[in-house]
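One letter stands for each residue in the lines below.
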Amino acid sequence: MESVGWIAAIIIGGLAGWLAGKLMDMRFGIFMNIVLGIVGSVVAVAVLRTFDVFVEDSRLGYFVTSFLGASLLLFLAKLVRR
């Protein structure tokens, strides 16, 4: 997250969460999708760093990482909600 900045990370994570919610057709609401996107981006970056995979050097790489993390968290939230 060093190269992106905190404000950009929140915006990109929010966009990724919103887009993941739209693509996965989740009915959590826009605010919850954005929060899950931000948390998902942090989780995905942490998981990928443990495997020495660094893709968040650019805004596009960070967006892809955020989208994957948000999709994973939305999927897990959907399983828990059942």
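Remember, it's a predicted structure, so these values are computed and weren't measured experimentally.

Definitions and cut-offs
Residues numbered from 1 in each chain as written. Predicted model: local features only at pLDDT ≥ 70, side-chain atom pairs only at ≥ 80, totals over all residues. Heavy atoms only, no water. Helix = DSSP H or I, 4+ residues; strand = E, 2+ residues; numbered from the N terminus. Rg over C-alpha atoms; globule rule 2.2 N^0.38 Å. Buried < 20%, exposed > 50% of the residue type's maximum accessible area, 1.4 Å probe, protein only. Contact = heavy atoms within 4.5 Å. Areas by Shrake-Rupley, 256 points an atom, 1.4 Å probe, with all protein chains shown as cover. Lys, Arg positive; Asp, Glu negative; His and termini not counted. Charge placed at Lys NZ, Arg CZ, Asp CG, Glu CD. Expected span 1.5 Å × (residues − 1).

J.: Whenever I open this one, the overall build of the protein chain confuses me. Can you help?
T.: When you go through the protein chain residue by residue, the secondary structure sums to three helices and zero strands. Its helices and strands in sequence order give the protein chain the pattern α-α-α, from N to C terminus. For the protein chain, the C-alpha radius of gyration of 12 Å lies close to 12 Å, the compact-globule estimate for 82 residues. Each of the three principal axes of the protein chain carries a C-alpha extent, and together these read 35 × 25 × 15 Å. Scored against the burial criterion, the 82 residues of the protein chain give a buried share of 35%. Contacts in the protein chain between residues far apart in sequence, at least 24 positions, make up 71% of those at least 6 positions apart. Counting only carbon and sulfur atoms, one obtains 73% of the accessible surface of the protein chain, whose full area is about 5,200 Å². One finds the centroid of the 7 positive side-chain charges in the protein chain at a distance of 18 Å from the centroid of its 5 negative side-chain charges.

J.: I'm lost on helix α3 (residues 59-81) in this one. Help?
T.: Quick reminder: α-helices carry 3.6 residues per turn. Residues three or four places apart thus point the same way. If you check α3, its first and last C-alpha atoms are 32 Å apart, about what 23 residues at 1.5 Å a residue would give, namely 33 Å. All of the buried residues along α3 are Gly61, Tyr62, Thr65, Ser66, Gly69, Ala70, Ser71, Leu73 and Leu74. Taken together, the buried residues of α3 touch α1 (6-23) and α2 (30-50).

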